[in-house]
Amino acid sequence: VNYGEIKGAGENLGGISGINDQSITGCANYGTVSVTGNKSGGIAGSSQRSVTDCVNHGLIKSTGNNAAGVVGSAENNGEILRCENKGTVSVNGYNVGGVAGKSNHSITICGNSAGVSGYHSVGGVAGNLDRVATLVNSTNSGRIEAVKDATWLESNNSGNSYAGGVVGYQFSGTANIPISGCEN
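Note that the coordinates shown come from a computational prediction; the quantities given were computed from them, not determined experimentally.

Undergrad: So what exactly am I meant to see when it comes to the packing of aromatic side chains here?
TA: The relative placement of two aromatic rings is captured by the distance of their centres and the angle of their planes. In this structure the tally under the stated criterion is 2 aromatic pairs. Aromatic side chains Tyr-3 and Tyr-30 sit 5.0 Å apart centroid to centroid with 15 degrees between the ring planes, which places their arrangement in the stacked category. Within this pair, whereas Tyr-3 is found in the segment before β1 (6-9), its partner Tyr-30 is found in the loop between β5 (28-29) and β6 (33-36), the two being separated by 27 residues in sequence. The exposure class assigned to Tyr-30 is partly exposed, which follows from its relative accessible area of 39%.

Undergrad: Could you clarify how one ought to interpret the sheet that holds strand β22 (residues 120-123) in this entry?
TA: Strands pair in a sheet through their backbones, by hydrogen bonds, and they do so in one of two ways: parallel or antiparallel. Within the open sheet, the 6 strands sit side by side as β2-β7-β12-β17-β22-β27. Their pairing is parallel. Edge strands, defined here as strands with exactly one partner in the open sheet, are β2 (13-14) and β27 (163-164). With 2 bridges joining them, β2 and strand β7 (residues 40-41) adopt parallel strand pairing. Within β7, the position partnered with Leu-13 by the bridge is Ser-40.

Definitions and cut-offs
Residues numbered from 1 in each chain as written. Predicted model: local features only at pLDDT ≥ 70, side-chain atom pairs only at ≥ 80, totals over all residues. Heavy atoms only, no water. Phe/Tyr/Trp six-rings, centres within 6.5 Å; stacked < 30°, edge-to-face > 60°. Helix = DSSP H or I, 4+ residues; strand = E, 2+ residues; numbered from the N terminus. Buried < 20%, exposed > 50% of the residue type's maximum accessible area, 1.4 Å probe, protein only. Pairing = 2+ DSSP bridges.

Next up, the structure:
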């Protein structure tokens, strides 16, 4: 359990772990995570392994991309299972979610009950589902807001702000990304 504030610049800042390369189970974060940089989360900034049965209660504030209440960027084998976000997520950037900012793996039986805001690809559970990610039996009851910042959108060559109650942006490329049993 973490109660302390995590504050920093750069990548990979989390309430429990900056980078998860093993597994995290049964952890909780109550501290604020305040970041100037990418990949920030209440439990892990980035995760390449499983995060299971964890909950974030802390505020997540970031001026970077790939930020969320649980895992900022779930990569490779970064499965997220039975996790919950109860802390506000406020980000001046893209790929912002209650549970995962960006995920390349499965998100199963997870939930968000807090407000989530960002510039682009903002979702109650996941901001961006990428490649082979799946999203199953997960819920959102928090307010989702894509704040259209003209300067940011222009400098990042984007004219749109994508937002969704469950997923902000679902990118499939050549893969089939299933979303099933989810509620907003």
